[in-house]
Amino acid sequence: MESFHQVTCEGIRFWHMSESVFVRMCQIVGTSQQVALRRETMDIKEMVDRRVMPNDHGIIEMVSGSRREGFRLEGSDLDIMYWPKNHRVIMDMSQSEYYNTANTTLILSDSSESPPGFTLLQLLTPRATRDVFSACVRLNDRVYISSSTYRQLTCSSVFPNSTVHGPCGSGVIGVAEYDTAYCFVCDFWPPSASSWIARCHSWPDPEVVNDIVRNGCHFVAIGHPLGPHEHEEWRISFSQAEYKLVYSMNHCQFLIYGLLKLFLKQVMSQLSEECNKLLCSYHMKTTVFWAIQQNTLPHWYPQNLLAGFWVCFKLLLKWVYQGVCPNFFIPQNNLFLTKVHASAQNRLFLQLHGLYKKGLACLLQSSSIRSYIIDVLYNPRLSICTNESIMMSEFDYDAELVLESNGANPHKVDLFDLTKAIHTIEQLLESPLTHYQLVTLQNLTTSLFRNTAFQFHNTFMYTNTGINKQMYIADKTFCHMLKLAAKFGCISDMLYIAMYYYKTLRYRETLSVLEMTKVKLAQPYLMYRGHVDRERYTEAVGGQSWSTKIRQAVAWDIILHNEICYISELIPEQQSALQKRWPTLNISVFVMLHFLEFLCYRHIDTALSQAALDELQVLVHHDQGLYVHDIHRDISWEILGICQQITGNLHAALYSYQQSLITQYPLNNIQTATKKRIYDIVGTT
């Protein structure tokens, strides 16, 4: 009886410990609602981007990796894949009949001599991009695309001065690391992965399997180090399939995946220096996939979270012992083949086995979850609520939605693209959309209106001279578009109206808009970049419609697309960024407010102009990240310098420009303009 009681107590303690870690992982990784929010906003951005605005060079973009899966863990990379939309890989010649070779470059996958999961890519048609032609080599009287050459040619295509890392170009933007991979797409499922389809009895569901297979795969530019043609071979990538598999996990499974990533970062990193570099996040993902599909746990729910983690850890330990980590789609592709072998494999196994012998106590080495385990150990009867609906407040979801939905900024468009964009948005609005997708679409529409108004104004002024009826009608149309954007957008969208009035020399109207904006930005419940008084925000707009919330309580950065002129004073900075292929200037809404005030008052009242400059100077010099984020500091110092230079205070302007050059995160890529402004000052003093 005592033994049964002991077992029961241990079982209850284990359940409570799992529940406690579940709650903690929801805090670290996110609740199921937060994760859904991230995925849905990203999915609709991609959908609109592909339907409306593929870039001028015909390159398709797809965010992949942990960010696409729904993670927002500190230190995670941003992974983006790019491929030419008019190039297609086929698996055999019979598939060529599906394509018009007059406008599509066909590439044949030839895996006859390559290790599992790798292939050669043979160029079949003479039409191809310059980079593809430059990467071609001849093998056995056939033309193949060299992965190593293509990787070198495209490494810095997105972000200049990137370094090669695996199949990617890597570097840092602001505070975030990135990996960009130029690859090729295939509309067909590879024959070497056909066994995966047959294995999918219990997970994932048939509709997920069909969707994955229907969308094919990609080929990334890296060969197998033991393959006969390492520099020519390409790796088959299932990145798209993988994020769809992660989407199909329940939330407990997703949190176990997150716990494994945390375990890798916080516990396995304490292994010897040699061993802690042998395993990576992709091995953790592969472990979770196999564990779920093999039905190693009958139920995946909060009370079983630690049991699920332990199943995955034991599977990983088994793989290390055997020296075999089977790729989930092509099991013959051993992910350990060139890393976890020989003496390194033995040492890694011994150190992991040391963690295994400790049991779940090894998780106490994780600084993020240690206290949540200890609480239950000291109080096994502790009542833990795993109801996600009360874990996060309305405010928390609002803050996340603002952050996630605000990346929706369309590129420069022409009249045809605008018509296409509006038609696409109308079509999407007729289909079932979630709240998160509607908000993202709303942000996209406001951005489309404001950018189009400025772009068409620039074009119209260039092609029409003099004041006439057409110019009057056009001006009314542009103003109407900007006012519509402000009506559906947030507080900071009003500043685009002010910029347009300043651009068209209506200084008093500009100042009127700025005064209204200033009042709204001064509200104690304002949400800007996550900074907000939670209680006052909830008191002011809690429970109200999203439209009311963003119009009254939300502000965001001012985003200027560098191919569009908004303010002539910033043209050198936009041109500088374009030289680095950087698409936008991101400016603090408060910096832009004072900048416009200063520019307008110059034409009306010198004293008020100086007052606006003084306010801007105090803001830039003394703000601690509340109104001027670290990634805005380069352009903020630059704008302050421009104002000081306009007033003739060259000494102060020189100091501001120098500060702009040495900011820690030169996100906006304006250094060329800054150096030119410094040169102009030094040359006149």
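Data block above holds the structure.
The present account deals with the structure reproduced in this document. If you're wondering where the values come from, they're calculated on a predicted model, not measured in any experiment.

Here is what the cut-offs are and how they apply
- Residues numbered from 1 in each chain as written.
- Predicted model: local features only at pLDDT ≥ 70, side-chain atom pairs only at ≥ 80, totals over all residues.
- Heavy atoms only, no water.
- Axes fitted to C-alpha atoms, helices over the stretch in contact; angles between N-to-C directions.
- Helix = DSSP H or I, 4+ residues; strand = E, 2+ residues; numbered from the N terminus.
- Parallel < 35°, antiparallel > 145°, perpendicular 65-115°, else oblique.
- Contact = heavy atoms within 4.5 Å.
- Nonpolar A, V, L, I, M, F, W, Y, C, P; charged D, E, K, R; others polar.
- Core = buried A, V, L, I, M, F, W, Y, C linked by side-chain atoms within 4.5 Å.
- Buried < 20%, exposed > 50% of the residue type's maximum accessible area, 1.4 Å probe, protein only.
- Salt bridge = Lys/Arg side-chain N within 4 Å of Asp/Glu carboxyl O.

### Some remarks on the packing of helix α23 (residues 589–601) against helix α25 (residues 633–647)
For step 1, the next point in the chain: The contact between α23 and α25 brings their axes to 10 Å, and the two run at 10 degrees. Taken as axis vectors, α23 and α25 run roughly parallel relative to one another. From α23, Val 591, Phe 595, Phe 598 and Leu 599 reach across to α25, where they touch Ser 636, Ile 639, Ile 642, Cys 643, Ile 646 and Thr 647.
For step 2, the next point in the chain: By residue class, the composition of the contact of α23 with α25 is eight nonpolar, two polar and no charged.

### Let's talk about the packing of helix α14 (residues 394–405) against helix α20 (residues 534–541)
For step 1, the next point in the chain: For the pair α14 and α20, interaxial distance at closest approach is 10 Å and the crossing angle is 95 degrees. Between α14 and α20, the angle falls in the class roughly perpendicular. Where α14 abuts α20, its residues Glu 394, Phe 395, Asp 396 and Asp 398 lie against Arg 534, Tyr 537, Thr 538 and Val 541.
For step 2, the next point in the chain: Along the lines of polarity and charge, the residues of the contact of α14 with α20 split into three nonpolar, one polar and four charged.

### Overview of the environment of Ile 559
For step 1, the next point in the chain: Counting through the fold element by element, Ile 559 comes out in strand β15 (residues 558–561).
For step 2, the next point in the chain: Along the backbone, Ile 559 and Val 519 are 40 residues apart, and their C-alpha atoms lie at a distance of 21 Å.

### A few points about unusual backbone geometry
For step 1, the next point in the chain: The amide bond that connects Trp 203 to the next residue, Pro 204, takes the cis arrangement and shows omega of -5 degrees.
For step 2, the next point in the chain: Counting through the fold element by element, Pro 204 comes out in the loop between α6 (194–199) and α7 (206–214).
For step 3, the next point in the chain: In this model, Leu 505 sits at a positive phi of 65 degrees, which is unusual for a non-glycine residue.
For step 4, the next point in the chain: When you line up the elements, Leu 505 lands in the loop between α18 (494–503) and α19 (507–521).
For step 5, the next point in the chain: Notably, Arg 581 is not glycine yet its phi reads approximately 60 degrees, a positive angle.
For step 6, the next point in the chain: Mapped onto the fold, Arg 581 is located in the loop between α22 (571–579) and β16 (584–587).

### What about the nonpolar core?
For step 1, the next point in the chain: Grouped together as the largest cluster of nonpolar side chains are 205 residues, with contacts concentrated most on Met 268, Phe 329, Leu 352, Met 499, Leu 560, Ile 587 and Met 592.
For step 2, the next point in the chain: Setting aside residues no more than four positions away along its own chain, Ile 587 makes contact with Asp 557, Ile 558, Leu 560, Leu 570, Met 592, His 632, Ile 635 and Ile 639.

### Focus on the pattern of salt bridges
For step 1, the next point in the chain: Tallied over the full model, the rule gives 23 salt bridges.
For step 2, the next point in the chain: Residue Arg 677 is joined to Glu 638 by a salt bridge in which the shortest nitrogen-to-oxygen separation is 3.6 Å. Placement of Arg 677 in helix α27 (residues 671–684) and of Glu 638 in helix α25 is noted, with a sequence separation of 39 residues between them.
For step 3, the next point in the chain: Among the ionic pairs, Asp 680 bridges to Lys 676, the shortest N-O distance being 3.1 Å. With a gap of four residues between them, Asp 680 and Lys 676 both fall in helix α27, about one helical turn apart.
For step 4, the next point in the chain: Residue class for Asp 680 comes out partly exposed when judged on its relative accessible area of 30%.
For step 5, the next point in the chain: If you follow the salt bridges from partner to partner, you end up with Asp 43, Glu 46, Arg 50 and Arg 68 in one network.

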